[in-house]
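Residue strings, one per chain:
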Amino acid sequence: MAEEGKKISFGFAKSIRKPVLKNVIPQEEKKVDYIECLDEKGIKVIGEEEKKDEPLIIPLLGSKTWHDRIVNKIDADIFLPKADKEKVEDTSVNESKLSNGKTSPIISIKKEPVEDSENKVVTLEEQAAKEIIEELKSKNEHETKTNDLTLPLVEDESLRGKEQSTLEDYEKIPIDAFGVAMLRGMGWQPGKGIGRNEKLVAAVIPELRPKGMGLGADKVALQKKNTDSKKEEEELKIEKGTFVKIIAGKQSNNYGQIEGFDDDAGRLIIKLALGGNIISVNEFMVQPVTKSEYSKNSKVLTFRLALVQLEVNEVKRKNVERAVSYISSAKEHNADIIALPECFNSPYGIQYFPKYAESIPDGETSVALSNAAKENNIYVVGGTIPEIEGDKLYNTCTIWGPDGTLIAKHRKVHLFDIDIPNKITFRESDSLSPGNSLTTFDVKGCKIGIGICYDIRFEEMARIYRNKGCQMLIYPAAFNMTTGPLHWSLLQRSRANDNQLYVACISPARVPSASYVAWGHTQLTNPWGKILYDLETQENMAVTDIDLKVVEEVRAQIPTFSQRRTDLYDTVCKKE
């Protein structure tokens, strides 16, 4: 009997392994709050968690590159143990018993998941290969297109693996905390700087443009005075009752107190300390001051002025020494300011200018004036001296403060070029160069404009000084024996009357033997056009009090400045 046939059986099993995900972010459980009760003031909730105020953070968008998958262990099977990998072979062999008692292999075949093309699962190796190839291609394109430059952001290690922000996250951030939240999201922490070096940089605080100031207007620089009390300095604000100093316009250098505000026009209502008049000015034209400064300077009505008519010879050293001696004498008479004549350190003439010229402020004459001003604690208007700068000569007036510093320098703007037949011919332009600016300075609440000799003939220059708020004009000058008798006093009275201010002209003494004989007659004229002092022809000094009330009285009683028809004509300064 033939041997009974053996029975063989086969078994197949299909095994599908899903990709292992690392660092899977668990979904938040939705918490249900149950209302316990209602009362008059609010709702009580069972199990309500206390809310903690924590710093708001807006994180940067995370990277999704193959490198990021490895670092953050997302879909990266390289982190699987070796034993687990062996279980995921394409084929696995199991044994099963046959009917005859022998074993037979059970073959299980593992297949990768297949999804549609749009949601295809990309392995780590495939993504890495794809991105490396794309990176190489981009490098080649970068070499051929040098104009297309990009600068990638540097990733912060502390931001890796962070969840991308949603619109709801942004809506939770208050507007006023948005910027700080974004900085925290980029890794910033309080007390640290921004950038690779974490350098702390002081924030630039935007300055609010004064209300009512036009876009084309230049804002006046506000220079705060040094005060003894820092607390007082911090309390200086533009508000009702604040003491202010007017720093621009026709009331420049006057003090007042804020009475109110014109919000529609953006102007301040100010009561002046002198006269008590109420005026309206733009905010940018005033500077808040302390009560101590207001009490000290607001009602200063006078200061003492000294004018020196000096006899000048050909020895510079002696000229300077005599000028210094008069400075000391003026202080003995309690003068606050002293003014010297034109060309006080040299004879007047184009043949002398190159020989006597010196630099400012390190020349010998400048040093002597600086020291004298400091030693006597007095303002010094240093007449004029021939100044040399480079290859040019100027006829220059220096102004020195009580501490010996050079506070201003004025170069003669209009050069003295005249030709009167059979009388006098003179051409300063054959030796000197003209100045190109106007000069003002302040002494005890009085704003003073500076001109030199021939400048007084040009009313426009004096008018501009008046427009700038000047209450006095000082002209070191040296009229001659032809123009002096005709115009010396006339021009001073005209400038004083036209602009309603004090005018002082300081001349050298008359020396008949000199090549250029000065007229002399150093003169002071008040805003009414009245001559207060005339020093005749000899060397002498006048010391007198300047009463600023006269300036205000004349301008109030004959208000020509406000009556000018600037819609038809005007005098403007084209260069500050």
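Cut-off values and rules
Residues numbered from 1 in each chain as written. Predicted model: local features only at pLDDT ≥ 70, side-chain atom pairs only at ≥ 80, totals over all residues. Heavy atoms only, no water. UniProt positions renumbered as here; feature names shortened; annotations may be inferred. Helix = DSSP H or I, 4+ residues; strand = E, 2+ residues; numbered from the N terminus. Buried < 20%, exposed > 50% of the residue type's maximum accessible area, 1.4 Å probe, protein only. Contact = heavy atoms within 4.5 Å. Core = buried A, V, L, I, M, F, W, Y, C linked by side-chain atoms within 4.5 Å. Patch = residues over 30% accessible without salt bridge, like charges linked within 9 Å, V, L, I, M, F, W, Y side chains within 5 Å. Areas by Shrake-Rupley, 256 points an atom, 1.4 Å probe, with all protein chains shown as cover. Salt bridge = Lys/Arg side-chain N within 4 Å of Asp/Glu carboxyl O. Lys, Arg positive; Asp, Glu negative; His and termini not counted. Charge placed at Lys NZ, Arg CZ, Asp CG, Glu CD. Pairing = 2+ DSSP bridges. Axes fitted to C-alpha atoms, helices over the stretch in contact; angles between N-to-C directions.

The name an unreviewed UniProt entry gives the protein is omega-amidase, with Bombus vosnesenskii as the organism. As its UniProt record puts it under Sequence similarities (unreviewed entry), the protein is described as follows: "Belongs to the carbon-nitrogen hydrolase superfamily. NIT1/NIT2 family."

Asks: Sorry if this is basic, but what is going on with the environment of Ile337 here?
Replies: By the secondary structure assignment, Ile337 is in strand E12 (residues 337-339). Take Ile337: its relative accessible area is 0%, and that puts it in the buried class. Separated by 206 residues in sequence, Ile337 and Val543 place their C-alpha atoms 9.6 Å apart. Once residues within four sequence positions are removed from consideration, Ile337 is found in contact with Phe303, Arg304, Leu305, Ala306, Ile378, Tyr379, Val381, Phe441, Val443 and Ile448.

Asks: Would you explain the nonpolar core in this entry?
Replies: Nonpolar side chains in soluble globular proteins tend to end up buried together. Core analysis: the largest hydrophobic core is formed by 43 residues, its most contacted members being Val381, Met472 and Ile474. Element by element, the count of residues in this core is highest for strand E22 (residues 502-506), at five residues. In contact with Val381, other than residues within four places in its own chain, are Ile337, Ile338, Ala339, Leu340, Cys397, Thr398, Ile399, Phe441, Ile450 and Ile474. If you look at the next biggest cluster of nonpolar residues, it comprises 20 residues, including Ala306, Ala330, Ala372 and Ile385.

Asks: Please explain a negative patch on the surface as it appears in this structure.
Replies: A cluster of acidic side chains, namely Glu163, Glu168, Asp169 and Glu171, defines a negative patch on the protein surface. Among the secondary structure elements, Glu171 is positioned in helix H4 (residues 167-172). Classification of Glu171 by relative accessible area gives exposed; the value is 66%.

Asks: What is the right way to read the sheet that holds strand E20 (residues 446-450) from this model?
Replies: Sheet strands associate in pairs through backbone hydrogen bonding, adopting either a parallel or an antiparallel arrangement. Strand order in the open sheet formed by six strands is E19-E20-E21-E22-E23-E24, with mixed pairing between adjacent strands. A single partner strand is all that each edge strand has here, and the edge strands are strand E19 (439-443) and strand E24 (531-534). Within the sheet, the average angular offset between the axes of one strand and its neighbour, ignoring direction, is 15 degrees. Relative to E22, strand E21 (residues 472-476) runs parallel, the two sharing five bridges. Looking at E22, one finds that Met472 is bridged to Tyr502. Against the sheet, helix H12 (residues 483-499) engages E22, strand E23 (523-525) and E24, with an angle of about 30 degrees to E23.

Asks: Quick question: what am I supposed to make of unusual backbone geometry here?
Replies: Cis geometry is adopted by the peptide bond preceding Pro361, which originates at Ile360 and carries an omega value of 15 degrees. Mapped onto the secondary structure, Pro361 falls in the loop between helix H9 (353-356) and helix H10 (364-376). At Cys343, a residue that is not glycine, the phi angle is positive and equals roughly 50 degrees. Relative to the helices and strands, Cys343 is located in the loop between E12 and H9. Looking at Cys343, the relative accessible area reads 2%, which means it is buried. A positive phi is found at Cys453, a non-glycine position, where the angle reads about 45 degrees. Along the chain, the position of Cys453 falls in the loop between E20 and helix H11 (459-467). Overall, Cys453 belongs to the buried group, its relative accessible area being 4%.

Asks: Explain the pairing of strand E18 (residues 424-427) to me, please; I cannot follow it from the model alone.
Replies: In the case of a regular strand, side chains alternate between the two sheet surfaces. Taking every second residue as pointing to the same face, the buried face of E18 carries Ile424 and Phe426, while none of Thr425 and Arg427 on the other face is buried. The pairing of strand E17 (residues 417-420) with E18 spans four bridges and is antiparallel. Bridge pairing in E18 links Asp419 to Thr425. Linking E17 back to E18 in an antiparallel pair, the connection comprises three residues, with Asn422 at a positive phi of about 65 degrees.

Asks: What's the story with the pattern of salt bridges in this structure? I'm lost.
Replies: Side chains that carry opposite charge are capable of pairing whenever their charged atoms lie near each other. Inspection of every chain in the model, using the stated rule, returns 17 salt bridges. The salt bridge partner of Asp336 is Lys444, with a shortest N-O separation of 3.9 Å. Taken together, the residues span a long stretch of sequence, with Asp336 in the loop between helix H8 (316-332) and E12 and Lys444 in the loop between E19 and E20 at a distance of 108 residues. Exposure remark for Asp336: the relative accessible area of 21% places this residue in the partly exposed category. Measuring nitrogen to oxygen at the nearest pair gives 4.0 Å for the salt bridge that ties Arg463 to Glu459. Here Arg463 pairs with Glu459, and both are found in helix H11, just four residues apart, close to one helical turn. Here Arg463 falls in the buried class, since its relative accessible area comes to 10%. We classify Glu459 as partly exposed; its relative accessible area is 22%. Salt bridges here are not isolated pairs; linked through shared partners, they connect Glu387, Glu389, Lys409 and Arg411.

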